[in-house]
Amino acid sequence: MIKKILCLIDALGPGGAERQMVGLASMLKEKEYLIEVVYFEPKDFFVKHLEEAGIIVKHISAIQGKLKLLGSIRKEIVAFTPDVVISYLQTSCIIACLLKLTGLNYNLIVSERNTNLSKTFRDTFRFNLFRVANYVVPNSYSQQKFINDNFPFLREKNHVIVNFVDTEHFYPIPRERGNTIVVAATIWQSKNTLGFLYAMKILKDKGVKFHVKWFGKVKDQNSYLQECETLIEQLNLRKEVELLDKTQQIAQEYRKADYFSLPSFYEGTPNVICEAMASGLPIICSDVCDNSRFVENGSNGFLFNPNSPEDIANAIENMLDVSDQEYYSFCKNSRRKALEKLSKETFINSYLELLKVV
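Everything numeric in this text was worked out from a predicted model, so none of it was measured. (Residues numbered from 1 in each chain as written. Predicted model: local features only at pLDDT ≥ 70, side-chain atom pairs only at ≥ 80, totals over all residues. Heavy atoms only, no water.)

Peer 1: Residues and numbers for the state of the cysteines, please.
Peer 2: Here the structure, examined in full by the defined rule, presents zero disulfides. The structure places no disulfide on cysteine 285, whose sulfur is separated from the nearest cysteine sulfur, that of cysteine 274, by 10 Å. Residue classification places cysteine 285 among the buried residues on the basis of a relative accessible area of 0%. (Disulfide = S-S within 2.5 Å. Buried < 20%, exposed > 50% of the residue type's maximum accessible area, 1.4 Å probe, protein only.)

Peer 1: Any chance you could break down the side chain of arginine 175 for me, citing the residues and the numbers?
Peer 2: Examined against the element boundaries, arginine 175 turns out to sit in the loop between α6 (141-150) and β7 (180-184). One buried charged residue, arginine 175, forms no salt bridge at all, with the nearest opposite charge on aspartate 258 at 4.9 Å. Here glycine 280 takes part through its backbone oxygen, which lies 3.2 Å from a polar atom of the side chain of arginine 175. Beyond its immediate chain neighbours, meaning those up to four positions away, arginine 175 contacts Tyr254, Arg255, Ala257, Asp258, Ser279, Gly280, Leu281, Tyr327, Tyr328 and Cys331. (Helix = DSSP H or I, 4+ residues; strand = E, 2+ residues; numbered from the N terminus. Lys, Arg positive; Asp, Glu negative; His and termini not counted. Salt bridge = Lys/Arg side-chain N within 4 Å of Asp/Glu carboxyl O. Polar contact = N/O pair within 3.5 Å; in protein donor to acceptor, adjacent residues only side chain to side chain. Contact = heavy atoms within 4.5 Å.)

Peer 1: Explain the sheet that holds strand β10 (residues 259-262) to me, and be specific about the residues and the numbers.
Peer 2: Ordered by their spatial adjacency, six strands build an open sheet running β9-β8-β7-β10-β11-β12, and the pairing between neighbours is parallel. This sheet does not close on itself; its edge strands, each paired only once, are β9 (241-245) and β12 (301-304). For this sheet the average axis-to-axis angle between neighbouring strands, irrespective of direction, equals 20°. Of the strand pairs in this sheet, β10 and strand β11 (residues 283-286) are connected by three bridges, and their pairing is parallel. Across the sheet, leucine 262 pairs through a bridge with cysteine 285, a residue of β11. Strands in contact with helix α7 (residues 193-205) are β7, β8 (211-217), β9 and β10; relative to β8, the strand with the most contacts, it is inclined by about 170°. Each of β8 and β9 is contacted by helix α8 (residues 223-234), which is oriented at about 155° to β9, the strand it contacts most. (Pairing = 2+ DSSP bridges. Axes fitted to C-alpha atoms, helices over the stretch in contact; angles between N-to-C directions.)

Peer 1: So, unusual backbone geometry: which residues are in play, and what are the values?
Peer 2: With the exception of glycine, the majority of residues adopt a negative phi angle, and the majority of peptide bonds are in the trans configuration. Despite not being glycine, leucine 89 has its phi angle at roughly 80°, a positive value. Mapped onto the fold, leucine 89 is located in the loop between β4 (84-88) and α4 (90-101). Positive phi, close to 55°, is recorded for asparagine 236, a residue that is not glycine. With respect to the helices and strands, asparagine 236 occurs in the loop between α8 and β9.

Peer 1: Explain α6 residue by residue, including any values.
Peer 2: Within α6, the full set of buried residues consists of Gln143, Gln144, Phe146, Ile147 and Asn148. For α6, the elements touching its buried residues are β5 (107-112), α5 (121-129) and β6 (135-138).

Peer 1: Give me the lowdown on the pattern of salt bridges, citing residues and values where you can.
Peer 2: Should the charged atoms of two oppositely charged side chains come close, the side chains can pair. According to the stated counting rule, one finds 18 salt bridges in the structure shown. The salt bridge partner of aspartate 123 is arginine 126, with a shortest N-O separation of 3.0 Å. Placement of both aspartate 123 and arginine 126 in helix α5 is noted, with a separation of three residues, approximately one turn of the helix. For aspartate 123, a relative accessible area of 5% corresponds to the buried category.

Peer 1: Kindly report on the pairing of β8, identifying the contributing residues and their values.
Peer 2: Of all seven residues that make up β8, five are buried, and the element is covered over most of its length. Direction of pairing for β7 relative to β8: parallel, over a ladder of five bridges. What sits directly across from valine 182, in β8, is lysine 213. In terms of handedness, the path from β7 via α7 over to β8 forms a crossover that is right-handed. Bridging between β8 and β9 involves five bridges; their strand directions are parallel. Within β9, the position partnered with lysine 213 by the bridge is glutamate 242. (Right-handed = clockwise from strand over helix to strand, strands pointing away.)

Peer 1: Got a sec to walk through the side chain of arginine 255? Specific residues and values, please.
Peer 2: Among the structural elements, arginine 255 can be located in helix α9 (residues 250-256). Lacking a salt bridge, the buried arginine 255 has aspartate 166 as its closest oppositely charged neighbour, with an N-O distance of 9.5 Å. Those residues in contact with arginine 255, other than ones at most four positions away along the chain, are His169, Phe170, Tyr171, Ile173 and Arg175.

Function cannot be inferred from these measures alone, as they are strictly geometric.
Next comes the structure, spelled out in structure tokens:
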């Protein structure tokens, strides 16, 4: 009998977790599962993609308040009668656990999309709720270790499934080497935009030629973005750094670029690094969490300390200084690593193994 699966996620905005959940839902649909996606925040970046894949999409407004939201999601689950609920992002995982505690009869797979740097009261609450889940699925080995170390009662349920990348959508093209660096990440504190800008100032003062296109602006403007734009003016980086809107055409932007950088303070498995690797770009990124599993110094990129603008600048300068022969070797190695480590087949087969058991 075909299993019915409800995917619950906070929003369908342009983030990495949303992209992975949309990909999972689409792949499960192709495997002839009956899929419904439910979200509650007013961000619909991926709704059209899901609808084109023939997937039922339901938006439940969060404006009604927390208790009414819980009640509305519960009604939707009762109406759909899923065999399995797969939840992405923290609030959705908490909701899925709480609703199961009300007596709803479904199997539950909760997903962990970031790496904890410390344990908070909210973390303790969340991970204790995960006792009712069948599986906990972090997308990084660093988060798996955090869970095992701090919540050992979840050890048997704790299974890493690394992000996938669509290597048919993200692919390299022959390129003449230039100096364009693309960044794809929300302009936010955790992504370290300010530190990156100070690093760019160091490079400019040394006479290094480069051009950065950071795709990370979203509709909801924030004070951090304004701070970054002000700093660009103060550091006289207007010609060198562009802060651009997030785009659904990021694959084309990777193919136009020469390098990819991500200066985050922490990550799970960053979708954008996976996509850039599949697009054949050398990677210059923070040496945090699982990044070193994908980026090898001197092979397909360089790692740096995100807390040091000087180290960020040095890593980028080192990349810009490699010979053309080395550069094209980096490009080939990125693509090869993506094909080996990040295939859709490995990703969906890992979920199918879990679904066989629940």
